[in-house]
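# Residue-level structural notes
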Protein chains: 2
Amino acid sequence: MSQDWHTFFEKQKKPSNYETSIQQVEDFIKAHINEKIALISSGGTTVPLEHNTVRFVDNFSAGTRGSASTENFLDNGYCVIFLYRLKSLEPFSRHFTGTQILNSLEIADNDTITVKRDFSKQLVSVLRKYKSSVDKNSLLCIPFTTLSDYLWLLKGICEKLTVLETRSLLYLAAAVSDFYIPTDEMTEHKIQSGDGPLSISLQLVPKMLQPLTSSWVPKAFIVSFKLETDDSLLIRKARYALDKYNHHLVIGNMLQTRKYEVTIVTKDDQKQIKITQDQIDNGIEIEEFIIEEVSKRHDAFIRNHH
Amino acid sequence: MSQDWHTFFEKQKKPSNYETSIQQVEDFIKAHINEKIALISSGGTTVPLEHNTVRFVDNFSAGTRGSASTENFLDNGYCVIFLYRLKSLEPFSRHFTGTQILNSLEIADNDTITVKRDFSKQLVSVLRKYKSSVDKNSLLCIPFTTLSDYLWLLKGICEKLTVLETRSLLYLAAAVSDFYIPTDEMTEHKIQSGDGPLSISLQLVPKMLQPLTSSWVPKAFIVSFKLETDDSLLIRKARYALDKYNHHLVIGNMLQTRKYEVTIVTKDDQKQIKITQDQIDNGIEIEEFIIEEVSKRHDAFIRNHH
């Protein structure tokens, strides 16, 4: 039986960045009180196996969906709170990767660094959008690492977002673990291999969509994700979630095809979004079309509630 | 009882980049046949819980030790094969991080991107060293993700390195899992949370230092690492490893203090290397002093075997 969500928060400690992060969120919301704000979660959560953590269970996610979607929400006029796994991809900077950067920089005679022309051309529009988000203060990034940190921050941010009512949107793209080891069941030090094979017991994480939709931020437009590897389960599980948690939209995707195909599922309809190999080769990302669709449905949702 | 290493390689499949990587290594060694080559492993290995991997057990490591050490080995005249966890820190590019890069770039009137002067000053020497490594072809980077991929590549590279005899050095900084799930015991699809709490059974990975020192690359100078969180175990476990595997040097470090304190342990002596807060604040890294010491001992080792 899955534990009650109250008990989870009673037992698991707040992350060390909790108070400052929630203060930042409060200031951010105050500055954009008449706008639409999207809370986007991104990247995988970790489940530490030891208090002094050497080993952890992780959920596969580079953070592509969340970071690409953030750029598109900004393009669509949203302000964005980006709740992301530390060291996963971030909006804008994801276009500037290590070795590519190194190869794009040159050293001029006077020891100054210059940028190659090709690279400039390719990335000037990304850089311009980044600078605009800084100027407008339209993007707030809050990092997490563990499952417990993520859920604490998610709850805290949601509670602050309630003042925006229907103008707040949640886009829960993070790959969140279904399992965890409660603090009081964790070993203190690194598990020793001399002790032989290892057995790990993980408890079920309470389903947080339930308190989220019913009490943390009940008027928001809520988008959740379903990632499966088995095609036959996907739509069925998406519908089941909508019925159970009574939220607005599920984006279903398969691990193998998620970069070019998703299905948008609501209680009333389902709609496939696909991009072609040709579009991918031209640097077009599926998130552009996903956010266009989500944003349209969110606008209708706001109108319907007035 | 830990499985025999032969059985491990019989059961676990080669990574898809195996043949091309080993070919690259062979070419690299041929080009530097009269030089010293260091094989540096870096970052944590993953242990997938499913064939279509959504979840995995990971070992904590950003790759700082391995990537910083690589730069210092290059400074000390080595050629380096950098065997690293994909997306962990890489030499040189680690100094150019996402948001810092974005904030260091400006857009000039003609839509070209320029680099701020402060940033230029700070990083021109790193960039120069990077370009020099490209010009000299002195650095080869080979990525891995899973434990199994790592061990396959490690074995394959070691076997190619034997021709260098004592001029090859192994610096095994990767955080390698002691446990794994054999391919034939893994589930095919994403584990479903509806099935209740999760129990994971992991087998012991055979200790690869044993075949490595005795048969894969028996004449190389071999440096291994011990990371602990419990101070009382560290030196004892380092000495035990040296006695058991008959290699040359263990670098012992504690999870909490590893950035400014390590202990170099050999069969004959032990030596602490420490840097001060003042040095850290001035951008000095402990790897500079570790590699200086390791390199000196490797040179003595080469002389003694002639």
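Summary of the structure given here. Worth saying up front: this structure is predicted, and the values here are computed from it rather than measured.

About the cut-offs
Residues numbered from 1 in each chain as written. Chains lettered and ligands numbered in written order. Predicted model: local features only at pLDDT ≥ 70, side-chain atom pairs only at ≥ 80, totals over all residues. Heavy atoms only, no water. Pairing = 2+ DSSP bridges. Helix = DSSP H or I, 4+ residues; strand = E, 2+ residues; numbered from the N terminus. Axes fitted to C-alpha atoms, helices over the stretch in contact; angles between N-to-C directions. 1 Å grid on protein atoms, 1.4 Å probe; cavity = no way out; pocket = protein on both sides within 12 Å on 5 of 7 lines; lining within 4 Å. Points joined across faces, edges and corners; volume = space filled by probe spheres on them. Nonpolar A, V, L, I, M, F, W, Y, C, P; charged D, E, K, R; others polar. Least-squares fit on C-alpha atoms with pLDDT ≥ 70 in both. Contact = heavy atoms within 4.5 Å. Salt bridge = Lys/Arg side-chain N within 4 Å of Asp/Glu carboxyl O. Buried < 20%, exposed > 50% of the residue type's maximum accessible area, 1.4 Å probe, protein only. Expected span 1.5 Å × (residues − 1). Arc of directions from axis to C-beta. Buried area = accessible area lost by both parts, 1.4 Å probe. Core = buried A, V, L, I, M, F, W, Y, C linked by side-chain atoms within 4.5 Å.

### Digging into the sheet that holds strand E8 (residues 168-172) of chain A
All names here are of chain A.
- Judged by pairing direction, the sheet is mixed, and its eight strands sit side by side in the order E7-E4-E1-E8-E11-E12-E13-E14 without closing on themselves. With one partner strand each, in any of the chains shown, strand E7 (139-144) and strand E14 (270-274) form the two edges of the open sheet. Averaged over all neighbouring strand pairs, the angle between strand axes comes to 15 degrees, with direction disregarded.
- Direction of pairing for strand E4 (residues 79-85) relative to E7: parallel, over a ladder of six bridges. If you follow isoleucine 81 over to E7, its bridge partner there is leucine 140.

### Digging into the layout of surface pockets
All names here are of chain A.
- If you add up the space inside the second largest pocket, you get close to 490 Å³.
- Considering the residues around the second largest pocket, the lining is formed by 20 residues, among which Lys13, Pro48, Thr146, Ser148 and Asp149 are closest to the centre.
- Going through the elements one at a time, strand E2 (46-48) and helix H6 (147-161) are the ones with two or more residues in the lining of the second largest pocket.
- Residues of the lining of the second largest pocket, tallied by class, amount to seven nonpolar, nine polar and four charged.

### Focus: the relation of the copies chain A and chain B
- The transform that puts chain A on chain B rotates by 180 degrees and translates by 0.0 Å along the axis, for an RMSD of 0.0 Å. The symmetry that links the two subunits is that of a two-fold axis. Using C-alpha coordinates, one finds that chain A approaches the rotation axis most closely at valine 57 of chain A, a distance of 2.1 Å.
- The fraction of interface residues of chain A whose copies in chain B are also interface residues reaches 98%, indicating that both copies meet through the same surface.

### Looking at the pattern of salt bridges
Residue and element names in this part refer to chain A.
- Using the criterion set out here, one finds 40 salt bridges over all chains in the structure.
- For lysine 160, the salt bridge is made with glutamate 26, and the minimal N-O distance between the two is 3.3 Å. On the criterion of sequence distance, the pair formed by lysine 160 in helix H6 and glutamate 26 in helix H2 (residues 18-31) is long-range, its members being 134 residues apart.
- A relative accessible area of 29% means that lysine 160 is categorised as partly exposed.
- Linking lysine 271 and glutamate 293 is a salt bridge whose minimum nitrogen-to-oxygen distance equals 2.9 Å.

### Points about the pairing of strand E13 (residues 261-265) of chain B
Residues and elements named next belong to chain B.
- Counting buried residues along E13, four of its five residues qualify, which places the element largely inside the surrounding structure.
- Bridging between strand E12 (residues 249-254) and E13 involves three bridges; their strand directions are antiparallel. Following the sheet pairing, isoleucine 251 is matched in E13 by isoleucine 264.
- Hairpin connection, E12 to E13: the antiparallel pair is bridged by six residues.
- In this structure, E13 lies alongside strand E14 (residues 270-274), joined through five bridges in antiparallel fashion. Within the sheet, the bridge partner assigned to glutamate 261 lies in E14 and is lysine 274.
- Remark: four residues form the turn of the hairpin made by E13 and E14, two consecutive strands paired antiparallel.

### Thoughts on H2 of chain A
Residue and element names in this part refer to chain A.
- When the terminal C-alpha atoms of H2 are compared, their 20 Å separation across 14 residues agrees well with the 20 Å that a helix rising 1.5 Å per residue should span.
- Along H2, the residues that are buried comprise Tyr18, Ser21, Ile22, Val25, Phe28 and Ile29. The buried side chains of H2 occupy one side of the element, clustering within an arc of 120 degrees when seen end-on. Those residues of H2 that are exposed and aimed more than 90 degrees away from the buried face are Glu19, Thr20 and Lys30.
- On the buried face of H2, the contacting elements are strand E1 (37-42), E4, E7 and H6.

### Some details on unusual backbone geometry
- The phi dihedral of aspartate 111 of chain A falls on the positive side, at around 70 degrees, and the residue is not glycine.
- Positionally, aspartate 111 of chain A belongs in the loop between strand E5 (105-107) and strand E6 (113-115).
- Backbone geometry at glutamate 165 of chain B places phi at a positive 50 degrees, although glycine is not the residue there.
- Summarising the element assignment, glutamate 165 of chain B is placed in the loop between helix H6 (147-161) and strand E8 (168-172).

### Considering the interface of chain A and chain B
- Contacts between the two partners involve 60 residues from chain A, matched on the other side by 59 residues from chain B.
- Interface area lost by chain A to chain B is led by Leu102, Ile113 and Phe179 of chain A, which between them contribute 11%.
- At the boundary of chain A and chain B, one finds four salt bridges.
- Ionic pairing is found between aspartate 111 of chain B and arginine 128 of chain A, a salt bridge with its closest N-O pair at 2.7 Å.

### Focus: the pairing of E1 of chain A
Residues and elements named next belong to chain A.
- Here E1 lies mainly inside the structure; six of its six residues are buried.
- Going residue by residue along E1, you find Ile37, Leu39 and Ser41 tucked away on one face and Ala38, Ile40 and Ser42 tucked away on the opposite face as well.
- The pairing of E1 with E8 spans five bridges and is parallel. Residue pairing in the sheet places isoleucine 40 in a bridge with tyrosine 171 of E8.

### A short note on the side chain of threonine 229 of chain B
- Note on placement: threonine 229 of chain B falls in the loop between strand E11 (221-228) and helix H8 (234-245).
- If sequence neighbours within four positions are ignored, threonine 229 of chain B has contacts with Asn52, Val54, His189 and Lys190 of chain A together with Met254, Leu255 and Gln256 of chain B.

### Regarding the sheet that holds strand E9 (residues 179-180) of chain A
- Taken in spatial order, the four strands make up an open sheet running E9(A)-E10(A)-E10(B)-E9(B), and their pairing is antiparallel. The sheet terminates laterally at E9 of chain A together with strand E9 (179-180) of chain B, the two strands that pair on one side only.
- As paired elements, E9 of chain B and strand E10 (residues 198-204) of chain B share two bridges and run antiparallel to each other. If you follow tyrosine 180 of chain B over to E10 of chain B, its bridge partner there is glutamine 203 of chain B.

### Notes on the nonpolar core
- Leu154, Leu161 and Leu170 of chain A together with Leu154, Leu161 and Leu170 of chain B are the most contacted members of the largest nonpolar core, which has 102 residues in total.
- Not counting residues within four places of it along the chain, the set of residues in contact with leucine 154 of chain A comprises Leu39, Leu83, Leu172, Leu212 and Trp216 of chain A.
- Val80, Ile275 and Ile290 of chain A together with Phe225 of chain B belong to the second-largest nonpolar core, a separate cluster that totals 78 residues.

### Topic: the environment of valine 250 of chain A
All names here are of chain A.
- Mapped onto the elements of the fold, valine 250 is located in strand E12 (residues 249-254).
- The class of valine 250 is buried, set by a relative accessible area of 1%.
- Every residue in contact with valine 250, bar those within four places of it in the chain, is listed here: Ser224, Phe225, Lys226, Ala238, Leu242, Thr263, Ile264 and Val265.

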